[in-house]
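# Structural overview for review
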Amino acid sequence: MANATAIINLDLEGSKISRHLYGHFAEHLGRCIYGGFWVGEDSTIPNEGGIRLDVVEALRALDIPNLRWPGGCFADEYHWKDGIGPRDQRPRMVNTHWGNVEENNHFGTHEFMALCELLGTEPYISGNVGSGTVQEMSEWVEYLTRDGDSPMVRLRKANGREEPWSVKFWGIGNETWGCGGNMRAEYSADLVRQYATYCRDHGDNKLYRIASGASDDDYKWTRTLMEQINCFGCEATPRTFYQGISVHHYTMAGPWEAKGSATDFDTDDYYRTMVSAREIDRILTGHSTVMDIYDPGRKVGLVLDEWGTWWDVEPGTNPGFLFQQNSLRDALVAGTHFDIFHKHAERLYMANIAQTVNVLQAMVLTDGDALVLTPTYHVFEMNKGHQDAASLAVHLRTEGARRTVGDAELDTLSASASVKDGTVLISLSNLDAEEPAEVTLDLRGRSIGEATARLLTADRLQDHNSAEAPGTVSPRSFDELKVTEQGLILTLPPHSFLTVQAPLA
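Keep in mind that this is a model prediction, so the values were computed, not measured. (Residues numbered from 1 in each chain as written. Predicted model: local features only at pLDDT ≥ 70, side-chain atom pairs only at ≥ 80, totals over all residues. Heavy atoms only, no water.)

### Quick notes on the overall build of the protein
For the protein, the helix and strand inventory stands at 9 helices and 26 strands. Whereas a compact globule of 505 residues would reach a radius of gyration of roughly 23 Å, the protein reaches 23 Å, a difference of no more than 12%. On the principal axes, the C-alpha backbone points of the protein span a range of 70 × 60 × 45 Å. Within the protein, the proportion of its 505 residues that are buried is 59%. Across the protein, every contact between residues at least 6 apart in sequence was considered, and the portion connecting residues at least 24 apart equals 76%. Counting only carbon and sulfur atoms, one obtains 46% of the accessible surface of the protein, whose full area is about 19,300 Å². Positive and negative side-chain charges in the protein, numbering 44 and 72 respectively, have mean positions lying 6 Å apart. (Helix = DSSP H or I, 4+ residues; strand = E, 2+ residues; numbered from the N terminus. Rg over C-alpha atoms; globule rule 2.2 N^0.38 Å. Buried < 20%, exposed > 50% of the residue type's maximum accessible area, 1.4 Å probe, protein only. Contact = heavy atoms within 4.5 Å. Areas by Shrake-Rupley, 256 points an atom, 1.4 Å probe, with all protein chains shown as cover. Lys, Arg positive; Asp, Glu negative; His and termini not counted. Charge placed at Lys NZ, Arg CZ, Asp CG, Glu CD.)

In structure tokens, the structure reads:
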């Protein structure tokens, strides 16, 4: 059994953990939109204006802070004016990126904004740079956010919406290094700067423009974008062409060509996955370091607007729909990511899981009338108290909490903590597949009241939830907390995620 002490100074608050680190992503891909969020007004499944209400109810319980749409790769072939007006008059298109299926544009701008209102979340719109125009994106901003009178305001009102919406977050392109245009960093940076210029602030709606950024550890791409807004080593405030820069990173157990099964994997595959998951710390550190050179005041946010596990699709499903099951392994990837996100809270402003419904590392799976909450969903729910909380540094001293995985070393304990509204929340993961870990929480600086804990684990790493067995991997109360003068002692089972919450006395 591994032994660890986690030293937490409850009176030394760090950077605020932006609630937007718990963001989500909905692309016109597979059954994320159609059959996921959208069933249409004539469906027998309960809906409001065509939006599936059981999905809305499930996601509202997560307090999701933002929802990114319409892509992803789809965003750079999407022309927003095709998705407004009477649905039976909207032109159709072919979704060439995802399954080569026909898109009827029934779910467009008004439907997305209605979804965000039902969810109580902020919209994050990804604009078309790859195949669109500057005018097209500029007019989309005007259509959504301008009040008074103008051509786009009149068009919006003709489509039934009098008042403008508040839409803060705008992505200037998506993966311009790949599906968004296969551009060079220098060319993409020039385009992003141009497009961002014409995405105007209308009235009180102040935009947070997010430049299409790097894949994985392409730090040169980030440097190129930073050079557009400030000089090397300058103390000056960066120019405000864009307020954030994106990066994308996915977790896999093997190479792109053979990602492996979501549920049929062995312990070696699991450990390789967790090594891959931990890579996000190195990647965020690298991009943050580059940004610090040009923006030492950390005014520009780093935005990880695509992250999660990516496995081979489920047998018998459309390979372009990216439908995969979601096991306890995926939940532990999510828990580890959040610990790392909290560590980078000073620079990391937003992160978006890919994706919310029926695609990749989803929160929710739907199958006809059935709705299944995935193990990853439960990590988001158990961790939601970290949103907009003050981070607390966790100093881990461990003995035996390490595994050799090929040429890498994997620390098998992960932790983070925060405080908000007089309550401390501590998240702990034991990534060891076989051995428990005894953890002492050495809590200093302030005393705590009665602590409660919840545990997420299962008999096997491969366990997952389905319509037939929806509760196989679900949280339960954990009562095995021993109170000491120092704080608390607990034993984490193998492959488990746990949260401890306590009021500050």
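### Considerations on the sheet that holds strand β16 (residues 390-399)
Taken in spatial order, the 10 strands make up an open sheet running β23-β22-β26-β20-β19-β16-β1-β21-β25-β24, and their pairing is mixed. One side of each edge strand has no neighbouring strand; the edge strands of this open sheet are β23 (476-477) and β24 (482-483). Both strand β20 (residues 423-430) and strand β26 (residues 496-503) contribute to a ladder of 8 bridges, which runs antiparallel. Among the inter-strand pairings, Leu-425 is bridged to a residue of β26, identified as Gln-501. This element, helix α8 (residues 328-343), spans β16, β19 (413-420), β20, β22 (452-456) and β26 of the sheet and lies at about 55° to β19. Contacts from helix α9 (residues 375-383) reach β20, β22 and β26 within the one sheet, and its direction differs from that of β22 by about 165°. (Pairing = 2+ DSSP bridges. Axes fitted to C-alpha atoms, helices over the stretch in contact; angles between N-to-C directions.)

### Some thoughts on the UniProt feature "domain: Alpha-L-arabinofuranosidase C-terminal" (unreviewed entry) in the protein
Mapped onto the present numbering, the UniProt feature "domain: Alpha-L-arabinofuranosidase C-terminal" (unreviewed entry) falls at residues 305-496. Between the C-alpha atoms that bound residues 305-496 there is a distance of 26 Å. The span itself is 13% helix and 40% strand. (UniProt positions renumbered as here; feature names shortened; annotations may be inferred.)

### Let's talk about the pattern of salt bridges
Counting across every chain of the model gives 31 salt bridges. One salt bridge in this structure joins Arg-19 and Glu-122, with 3.0 Å as the shortest N-O distance. Of this pair, Arg-19 sits in the loop between β1 (2-16) and β2 (23-25) while Glu-122 sits in strand β8 (residues 122-127); the two residues are 103 residues apart in sequence, bridging distant segments of the chain. The exposure class assigned to Glu-122 is partly exposed, which follows from its relative accessible area of 24%. The partner of Asp-149 in a salt bridge is Arg-154, and the shortest N-O contact between them spans 2.9 Å. For Arg-154, a relative accessible area of 46% puts it in the partly exposed group. If you follow the salt bridges from partner to partner, you end up with Asp-292, Asp-295, Arg-298, Glu-346 and Arg-347 in one network. (Salt bridge = Lys/Arg side-chain N within 4 Å of Asp/Glu carboxyl O.)

### Here's the deal with the side chain of His-110
Tracing the sequence through the fold places His-110 in helix α2 (residues 109-119). Once you skip the residues sitting within four places of it in the chain, His-110 turns out to touch Ile-84, Tyr-143, Arg-156, Asn-159, Arg-161 and Trp-165.

### As for the sheet that holds strand β12 (residues 301-309)
Here we have 8 strands rolled up into a closed barrel, ordered β2-β5-β8-β9-β10-β11-β12-β13, and parallel in their pairing. If you compare each strand with its neighbour and ignore which way they point, the axes differ by 30° on average. In the sheet, strand β9 (residues 169-172) pairs with strand β10 (residues 208-215) via 4 bridges, with the strands oriented parallel. Opposite Trp-170, over in β10, you have Arg-209 as the bridge partner.

### Concerning the packing of helix α5 (residues 185-198) against helix α6 (residues 219-227)
Axes are the key here: two packed helices are described by the angle between their axes and the distance separating the axes. Interhelical geometry of α5 versus α6 gives an angle of 40° and a closest axis separation of 9 Å. In this view, α5 runs oblique relative to α6, as classed from their interaxial angle. In this structure, the crossing between α5 and α6 has a hand that is right-handed. Each of Ala-185, Glu-186, Ser-188 and Ala-189 in α5 lies in contact with α6, whose residues at this interface are Lys-220, Trp-221, Thr-224 and Leu-225. For the contact of α5 with α6, the residue count by class is 4 nonpolar, 2 polar and 2 charged. (Parallel < 35°, antiparallel > 145°, perpendicular 65-115°, else oblique. Left-handed = near helix turned anticlockwise from the far one by under 90°. Nonpolar A, V, L, I, M, F, W, Y, C, P; charged D, E, K, R; others polar.)

### Concerning helix α4 (residues 151-158)
Every buried residue of α4 is listed here: Met-152, Val-153 and Arg-156. Buried residues of α4, seen end-on, are gathered within an arc of 105° and therefore sit on one face of the element. Buried residues in α4 make contact with α2 and α3 (134-145). Phi turns positive, to about 100°, at Gly-160, one or two residues after α4. (Arc of directions from axis to C-beta.)

### Regarding the environment of Leu-431
Positionally, Leu-431 belongs in the loop between β20 and β21 (437-444). Sequence separation between Leu-431 and Phe-241 is 190 residues; the distance between their C-alpha atoms is 42 Å. If we skip the residues at most four places from it in the chain, Leu-431 touches Tyr-270, Tyr-271, Met-274, Arg-278, Leu-332, Thr-336, Asp-411 and Thr-412.

### Side note on the domain arrangement of the protein
Interface size, as often reported, equals the accessible area lost upon joining of the parts. Looking at the protein, the domain boundaries give domain 1 (2-10 + 391-503) and domain 2 (18-388). Listed by partner, the interface residues are 41 residues for domain 1 and 36 residues for domain 2. Of the roughly 3,100 Å² buried between domain 1 and domain 2 on both sides combined, carbon and sulfur atoms contribute 63%. A per-residue breakdown of the area domain 1 buries against domain 2 is headed by Leu-431, Leu-461 and Phe-497, which together make up 19% of the total. The tally of links between domain 1 and domain 2 comes to 1 salt bridge. Its salt-bridge partner being Arg-454, residue Glu-381 comes within 3.0 Å of it at the nearest N-O pair. Counting across the domain 1 and domain 2 interface gives 22 residue pairs in polar contact (both at pLDDT 80 or more). Every element with two or more residues in the side of domain 1 that touches domain 2 is listed here: β17 (402-405), β18 (408-411), β19, β20, β22 and β26. (Domains from an automatic or database assignment. Buried area = accessible area lost by both parts, 1.4 Å probe. Polar contact = N/O pair within 3.5 Å; in protein donor to acceptor, adjacent residues only side chain to side chain.)

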